Structure formats: structure tokens, C-alpha cells
Amino acid sequence: MGCCFLLHDGDQSAMIDTGLVGEPFFIRRLFRRLNLAPQSLKAILLTHGHLDHAGNLAWLKDWTGAKIYAHPIEQQHINGTYPYQGINRWCGRLEAAGRKVFGTRSAKIDEFISDGQQLPFWGGLQVLHLPGHTLGHCGFYSAKHNLLFSGDMMASYFFNAHRPWPILNSAPEQLNVSAEKIHSLKPRWIVPCHFDFLDGDLHRRRFAKLFGFADWGNK
Ligand SMILES: [Zn+2]
Ligand SMILES: [Zn+2]
């Protein structure tokens, strides 16, 4: 459903998000292929606590011993106790059903992250607090690679690139402000968590179009 990213650098690595179902198989296989010990994973960076991103959080933490880095507000999402309001309640209902079906366990955030913070992974990652989808939703920006992992600011499929569905957003009025924050940073590549092809240039153009940054998209 969603993508996770293994960022490998030297003798340590970090993982962005953990997926919902099936990822333990793929993640184990990836580590074997790259000849990495589970213990080489030093951090699990969470864009936000929705079930399709945090579904395997407890498993990955147990398997690797890595610390979980996330915005403090996301702990309630991870626990399944976030007080959803209005149509956003449907998100909570879907997650509650998913938790039952998949037997999802909660996990505790070890390190709280905040806007502008520099993290020492993959040559340096900057936390970009991008509220709207959830209140503690964060992106991770690599200046070294000029690339932004944009979490759920958008989904980017060739048949339908779109903003996150309204029922999934806890503070939709903040989405445009967060998009403007990305626009002022102008990363060369954007990599969302839901996409079909890994093409950061294409995703950046789609992002620019979706949020109305005509001056940026085609360059
Ligand atoms: Zn989400
Ligand atoms: Zn998602």
C-alpha cells in the first residue's frame, strides 16, 4: 500500500516508514541481499503514524533494535487513540478494522523530532514538519541529494496523482501552508510514500501541479 525506504550509508542505515502488510518479508529479504545485519539499522524515521506507515513499527523495532524517530503528536496515531473528528473519523474506523485484521502492535517513539532538526543519517536529513494530513506529519529532506521524502502530502500514480483523500486529513486547512514550505525549499526530487514509479522528477512536477506552483513544475 505504501512505500518504505531503506537509506544506507557506510556501515549504518535508517528506514523511513514500515508499511502495513507484507513488509517484514521484503525487508528481511532486502537486508539479506545487501548483506546487512538487522542491527545495522540505527533509526526508524516515521513520516506519520497512520496504520499503512506504522503497521510494522513494533516488529521492525524488535527485529533491529533501532530507535523510532517521530513527531510527538504521532504517538496517539501509533497507539490507535487519536481523537479523530468529523469525516476524519472514517480514517480512525478504517485503522481500527485494520488493527484487528493484522494484529498491529503499538510501539513507543524513542526520539521526538521537530521542524528544522538535523538528523545524522544518509549524509544528513532535515526534518520538515508538514502538518495537515496529520498534525505531526513530517517530511525528510536530504540537502546532499537535493531530495525530499514528502510522506503523504500527495499520492502520485500515473492514473491519478492526488492530494490525500479528505477523510484521511486531520487538519486539511494546513496542507497548503505545508506545500508552500516545500515550494520555498524547492527540492530537485520529491519522493512520496504512495507512487507507482520511482521518478523524483516526475513526482516533483506532479506536486507542483497539484498545489498550483506553475512557476516551479516544468523547470
Ligand atoms: Zn497517511
Ligand atoms: Zn499513507
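Summary of the structure given here. The structure displayed is predicted, hence computed values, not measured ones. (Residues numbered from 1 in each chain as written. Chains lettered and ligands numbered in written order. Predicted model: local features only at pLDDT ≥ 70, side-chain atom pairs only at ≥ 80, totals over all residues.)

## A look at the environment of Met154
Point 1. Mapped onto the elements, Met154 comes out in strand β9 (residues 147-157).
Point 2. Residue classification places Met154 among the buried residues on the basis of 25 C-beta atoms within 10 Å.
Point 3. Sequence separation of Met154 and His133 is 21 residues, and the distance between their C-alpha atoms is 9.4 Å. (Helix = DSSP H or I, 4+ residues; strand = E, 2+ residues; numbered from the N terminus. Buried ≥ 20, exposed ≤ 12 C-beta atoms within 10 Å, placed from the backbone.)

## Considering the pairing of β9
Point 1. In terms of residue burial, β9 counts as a mostly covered element, since nine of its eleven residues are buried.
Point 2. Between strand β8 (residues 138-142) and β9, which pair antiparallel in sequence order, lie four residues; one of them, Asn146, sits at a positive phi of approximately 55 degrees.
Point 3. When β9 meets strand β11 (residues 189-195), the two strands line up parallel, connected through six bridges. Of the residues in β11, the one forming a bridge with Phe149 is Val191.
Point 4. Pairing between β9 and strand β10 (residues 160-162): three bridges, direction antiparallel. Paired with Tyr157 across the strands is Asn160, a residue of β10. (Pairing = 2+ DSSP bridges.)

## Description of the nonpolar core
Point 1. By size, the foremost hydrophobic cluster in this structure holds 45 residues, and its most contacted members are Ala14, Met15, Ile44, Leu45, Ile68, Tyr69 and Phe140.
Point 2. The dominant element in this core, judged by the number of residues it contributes, is β9, at five residues.
Point 3. Not counting residues within four places of it along the chain, the set of residues in contact with Ala14 comprises Leu7, Leu41, Lys42, Ala43, Leu45, Phe121 and Trp122. (Core = buried A, V, L, I, M, F, W, Y, C linked by C-beta atoms within 7 Å. Contact = placed C-beta atoms within 7 Å.)

## A short note on the sheet that holds strand β3 (residues 41-45)
Point 1. The five strands are arranged β1-β2-β3-β4-β5 in an open sheet whose pairing can be described as mixed. With partners counted over all chains shown, the strands left at the sheet margins are β1 (5-9) and β5 (111-112), one partner each.
Point 2. Two elements, β3 and strand β4 (residues 67-70), share three bridges in a ladder whose sense is parallel. Residue pairing across strands places Ile44 opposite Ile68, the latter belonging to β4.
Point 3. In the packing of helix α3 (residues 57-64) onto the sheet, contacts are made with β2 (12-16), β3 and β4, and the angle to β3 comes to roughly 165 degrees. (Axes fitted to C-alpha atoms, helices over the stretch in contact; angles between N-to-C directions.)

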